[in-house]
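Structural overview for review
In case you want the letters, here they are:
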Amino acid sequence: KYVLKERTKELIPNEIYKNQKKYGFTTPQEKWQKTILKYEFDTTFQKIKNDGIFSFIDHKKVYKLYSQYSKNKFNDWTIIWRLYCLYKWKKIMKINHN
């Protein structure tokens with residue numbers, strides 16, 4: 001980053017060049033899950049409720065957790081995201097055993 005900053009110092013405003021703050025990049029994941037991806041998540045978690053993911057994961061508890069999440073009674077979107085990804089990964093990899 002230092003080299004890039006030094007090479008562009010003549011091209012960027014001085015207040016940007018001298019800015020020492022670091023900014024992370026985050027996506028509005030939770031917002032997406034509850035708006036534009038809601039139908040996809042609702043459908044997927046209904047499939048999880050009906051079919052399960054793996055035998056060692058209680059699919060009824062997973063659906064209950066998602067239901068609470070949908071009603072804003074559970075707020076850890078990362079767990080919901082990981083369960084969603086696990087289910088999709090299993091389907092893509094065509095893993096048939098529970």
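No experiment lies behind these values; they were computed from the predicted model shown.

Taking 1.5 Å of rise per residue, the twelve residues of helix α5 (residues 59-70) would be expected to cover 16 Å, and the 16 Å separating its terminal C-alpha atoms lies within 8% of that figure. Along α5, the residues that are buried comprise Val62, Tyr66 and Tyr69. Projected down its long axis, α5 shows its buried positions confined to an angular sector of 55°, all on one face. The outward face of α5, more than 90 degrees from its buried face, is lined by the exposed residues Lys60, Lys61 and Lys64. The elements touched by buried residues of α5 are α3 (29-34), α4 (38-51) and α6 (77-93).

So, about the confidence of the model for the chain. In this model, the chain carries a mean pLDDT of 90, and residues with pLDDT of at least 70 account for 98%. Summarising per-element confidence for the chain, the mean pLDDT is lowest in helix α2 (residues 14-17) (83) and highest in α4 (97).

Okay, the layout of surface pockets next. Within this model, the largest pocket holds a volume of roughly 350 Å³. What lines the largest pocket is simply Lys1, Leu4, Lys5, Thr8, Ile12, Ile16, Asn19, Gln20, Lys21, Lys22 and Tyr23. When residues of the lining of the largest pocket are assigned to their parent elements, the largest contribution, three residues, is made by helix α1 (residues 2-8). Considered class by class, the residues forming the lining of the largest pocket number four nonpolar, three polar and four charged.

The next subject is the nonpolar core. Residues Phe41, Phe45, Ile48, Ile53, Val62, Tyr66 and Ile80 are the most contacted members of the largest nonpolar core, which totals 13 residues. Only α4, α5 and α6 provide two or more residues apiece to this core. Ranked by residue count, the leading element in this core is α6, at four residues. Not counting the four nearest positions on each side in its chain, Ile48 is found in contact with Ile53, His59, Val62, Leu83 and Tyr87.

Quick notes on the rules
- Residues numbered from 1 in each chain as written.
- Predicted model: local features only at pLDDT ≥ 70, side-chain atom pairs only at ≥ 80, totals over all residues.
- Heavy atoms only, no water.
- Helix = DSSP H or I, 4+ residues; strand = E, 2+ residues; numbered from the N terminus.
- Expected span 1.5 Å × (residues − 1).
- Buried < 20%, exposed > 50% of the residue type's maximum accessible area, 1.4 Å probe, protein only.
- Arc of directions from axis to C-beta.
- Contact = heavy atoms within 4.5 Å.
- pLDDT = per-residue confidence, 0-100.
- 1 Å grid on protein atoms, 1.4 Å probe; cavity = no way out; pocket = protein on both sides within 12 Å on 5 of 7 lines; lining within 4 Å.
- Points joined across faces, edges and corners; volume = space filled by probe spheres on them.
- Nonpolar A, V, L, I, M, F, W, Y, C, P; charged D, E, K, R; others polar.
- Core = buried A, V, L, I, M, F, W, Y, C linked by side-chain atoms within 4.5 Å.

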